[in-house]
Amino acid sequence: MNTAYNSLLDPDSLRQGAEAKLYDCVYLGKPAILKERFSKKYRHEELDKRLNFARLRAEIRGINKAQQVGVKAPAIYFVDTNRHILIMERVEGPTAKDWIESQRQRAEEEFKVQAKFGEVLGGEIAKIHLSGLIHGDLTTSNMIVKNGDPGNLHLIDFGLANSGKVIAEDKGVDLYVLERAIQATHINCEHIVDAILNGYKSVNAKQGEAVMARLIAIRLRGRKRDMVG
Ligand SMILES: Nc1ncnc2c1ncn2[C@@H]1O[C@H](COP(=O)(O)OP(=O)(O)OP(=O)(O)O)[C@@H](O)[C@H]1O
Ligand SMILES: [Mg+2]
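Bear in mind the structure is a predicted one, so any value in this text is a computation, not a measurement.

I tried to follow the sheet that holds strand 3 (residues 30–37) on my own but got confused; where do I start?
Adjacent strands of a sheet form backbone hydrogen bonds with each other and so pair up, either parallel or antiparallel. Strand order in the open sheet formed by five strands is 1-2-3-5-4, with antiparallel pairing between adjacent strands. Because the sheet does not close on itself, it has two edges, and the strands there are strand 1 (9–16) and strand 4 (76–80). Across the sheet, the mean angle separating the axes of adjacent strands is 20° when strand polarity is ignored. Looking at chain direction, strand 3 and strand 5 (residues 85–89) are connected through five bridges and run antiparallel. Directly across from Lys-35, in strand 5, lies its bridge partner Leu-86.

What's the story with unusual backbone geometry in this structure? I'm lost.
Of all residues except glycine, most have a negative phi; of all peptide bonds, most are trans. We note that His-84 has phi near 55°; this positive angle belongs to a residue other than glycine. Among the secondary structure elements, His-84 is positioned in the loop between strand 4 and strand 5. Since its relative accessible area comes to 10%, His-84 is described here as buried. Notably, Asn-147 is not glycine yet its phi reads approximately 50°, a positive angle. Here Asn-147 lies in the loop between strand 7 (143–145) and strand 8 (153–155).

Sorry if this is basic, but what is going on with the coordination of the magnesium ion (ligand 2) here?
Geometry sets the ideal angles at a metal, namely 109.5 degrees for four tetrahedral donors and 90 or 180 degrees for six octahedral donors. Of the protein atoms, only Asn-142 (OD1) and Asp-157 (OD) coordinate the magnesium ion (ligand 2), at distances of 2.1 to 2.2 Å. Here the residue Asn-142 occupies a position in the loop between strand 6 (133–134) and strand 7, and Asp-157 occupies one in the loop between strand 8 and strand 9 (162–163), the gap between them amounting to 15 residues. Residue Asn-142 is classed as buried on the basis of its relative accessible area, which comes to 7%.

Looking at this structure, how should I read helix 5 (residues 168–185)?
Within an α-helix, residues lying three or four positions from one another point in the same direction, as the helix has 3.6 residues per turn. With 18 residues, helix 5 ought to run about 26 Å at 1.5 Å a step, and its terminal C-alpha atoms sit 26 Å apart, in line with that. Turning to helix 5, its buried residues number three or more, namely Lys-171, Gly-172, Asp-174, Leu-175, Tyr-176, Leu-178, Glu-179, Ala-181 and Ile-182.

About the cut-offs
- Residues numbered from 1 in each chain as written.
- Chains lettered and ligands numbered in written order.
- Predicted model: local features only at pLDDT ≥ 70, side-chain atom pairs only at ≥ 80, totals over all residues.
- Heavy atoms only, no water.
- Pairing = 2+ DSSP bridges.
- Helix = DSSP H or I, 4+ residues; strand = E, 2+ residues; numbered from the N terminus.
- Axes fitted to C-alpha atoms, helices over the stretch in contact; angles between N-to-C directions.
- Buried < 20%, exposed > 50% of the residue type's maximum accessible area, 1.4 Å probe, protein only.
- Donors = N, O, S within 2.8 Å, 3.2 Å for Na, K, Ca; no water.
- Expected span 1.5 Å × (residues − 1).

Put into structure tokens, the structure is as follows:
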């Protein structure tokens, strides 16, 4: 880490992702996260810089756009485009991944809470989609259940987000990625997927119908691919 940032950081809090290092820090007295996209030595230097810059830009635009349509995402505190560093609000609480797993260990009566979570999540995704934003990496690690309250869900990690000319197919793929991520990460969570799709459809029926039709087609393609190998 560049020395200019060292005094801000808690070095023990390092989390290393596939593309970025994340540290807890305090920014102007507020709990924050510093996310630094690092260079990959196997990538050509110029290409590497361009990719890191593009992801940082996508992340900032994605967060801004989500917030504009009332979807919760961490506030951006500081950006360093040269070093591909983003300092943002630290959202306290488990990732949706950890939250779902902690819920799963409880009794059946928790189904209601899980369904509520799914509906909220589906609604948030529908809102960003309506605004023409695709998240691009919807997994349960890329959302935080703030203070463990499923009604207070925050979306994070917009580095692969895109907006602009977005069609129903793109929205279907966004949902398909999430559906597959949940199936791969969490056992017996079909009811959460159902709740997500219900929440999604409830925001806008027209978008809901168009995207569900795409999703069915995408699932079929996926299944064929699995069979052919
Ligand atoms: N604003 C935040 N508040 C609290 N925790 C966060 C925040 N941002 C990230 N995290 C935590 O750090 C983890 C990794 O962050 P993130 O998903 O942004 O990085 P990544 O997956 O390595 O990124 P990328 O895909 O852009 O390379 C998250 O799953 C979450 O646990
Ligand atoms: Mg992530």
